[in-house]
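# Structure at a glance
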Amino acid sequence: FGFDVSVWELLWAVLTGARLVFARPGGHKDPAYLHQIMTQQRVTLVHFVPSMLRLFIDSTPPHTLPGLKTIVCSGEALPVETWQDTLASLPQVALWNLYGPTEASIDVTWWHGAAGERYRTIPIGKPIDNTACYVVNRRLQRLPPGLAGELCLGGVGIARGYLNRPELSAERFLPDPFSAQPDGVLYRTGDLVRYQPDGNIEYLGRIDDQVKIRGLRIELGEIEQQMLTLPFVSAAVVVARADGRGEQRLLGYYSLK
């Protein structure tokens, strides 16, 4: 219950008067079980990390789950193929793509595409209320639509720093130069994005070597350092590569001593 997204998943149902269905411990790893409990409990809304949605769609018979109305995705980039296959398999479903780091009180942007439209990439969308999204260069100067830069977040939901990590806090949390509030905080996400002409934000990747796989933040340099502790390794490089369906996987390369 301390996981960031679990907070709004729990409170969302309470605030709207909906019934909350709990899966059994470990049940999220079994697509067949999820399909069974969603059918039995007549689930209308479910939240997936895109890689988990991919596994669920691949194991779910098409045109089933007639009671399911909404699927929410967040935690990592949503591949176009997953979006298309989900709507093809479950045409009655509205699929929403969300984005947001823990440091910004979870999700801060949303996107809902039109069924039948073709997209080159799936955007992370537009900011929610009381949240500002800025695309900036290295000098923290705002960039116009079409130019790629780092995504910085401002607004009432931004945290004030990391607990007992003053150096990291100073690196990521800055006084907000774009806010009229004197105590405004700007969070540097490290995500590379650009504004599209329609106002939606397109996610392009990271400006550092951090990657997200199945919703988990992974520092490639930390894995490389562990590989270098092996007595027979002289050099190591770890990269994230997408497979044929756009799912990220880690690959490690090393040189022998």
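All of the points below concern the structure found in this document. Here the structure is a predicted model, which means the values were calculated and not measured.

Parameters and conventions
- Per chain, residues are indexed from 1 in the order of the written sequence.
- Given that this is a predicted model, residues contribute local features only at a pLDDT of at least 70 and side-chain atom pairs are listed and counted only at 80 or more, while totals for whole chains, interfaces and linings are drawn from all residues.
- Side-chain measures here rest on the full set of heavy atoms in the structure, leaving out hydrogens and waters.
- Think of it this way: any DSSP run of H or I at least four residues long counts as a helix, any run of E at least two long counts as a strand, and we number them from the N terminus.
- Note on exposure labels: buried denotes an accessible area under 20% of the residue type's maximum, exposed denotes more than 50%, and partly exposed covers the range between, all computed with a 1.4 Å probe on protein chains only.
- In this scheme Phe, Tyr and Trp rings, the latter by its six-membered ring, pair at centre separations within 6.5 Å, and the angle between planes marks the pair as stacked below 30 degrees, edge-to-face above 60, and tilted otherwise.
- Contacts are residue-level and defined by heavy atoms, with any inter-residue pair within 4.5 Å sufficient.

Turning our attention to unusual backbone geometry. One non-glycine residue, His-63, lies in the positive phi region at around 60°. Its place among the elements puts His-63 in the loop between α3 (50-59) and β2 (70-73). Residues other than glycine seldom take positive phi values, yet Asn-164 does so here, at roughly 60°. By the secondary structure assignment, Asn-164 is in the loop between β7 (149-155) and α5 (166-172). For Asn-164, a relative accessible area of 67% translates into the label exposed.

A few words now on the packing of aromatic side chains. Applying the stated criterion across every chain yields a total of 10 aromatic pairs. Ring geometry for Trp-111 and Tyr-119: centres 5.1 Å apart, planes at 85°, overall edge-to-face. On the accessibility criterion, Trp-111 (5% relative accessible area) is buried. By relative accessible area, which is 24% here, Tyr-119 ends up partly exposed. Measuring from centroid to centroid gives 5.3 Å for Tyr-162 and Phe-173, while their planes differ by 70°, and the two rings are edge-to-face. With Tyr-162 in the loop between β7 and α5 and Phe-173 in strand β8 (residues 173-175), this pair connects stretches of sequence that are 11 residues apart. Its relative accessible area of 24% is what places Tyr-162 among the partly exposed residues. Here Phe-173 falls in the buried class, since its relative accessible area comes to 9%. A connected cluster of aromatic rings, assembled from ring pairs, spans Trp-83, Trp-111 and Tyr-119.

A separate point is the environment of Arg-241. By the element assignment, Arg-241 lies in strand β13 (residues 233-242). Between the alpha carbons of Arg-241 and His-112 there is a distance of 27 Å; along the sequence they are 129 residues apart. Contacts of Arg-241, omitting those with residues within four sequence positions, involve Glu-247, Gln-248, Arg-249 and Leu-251.

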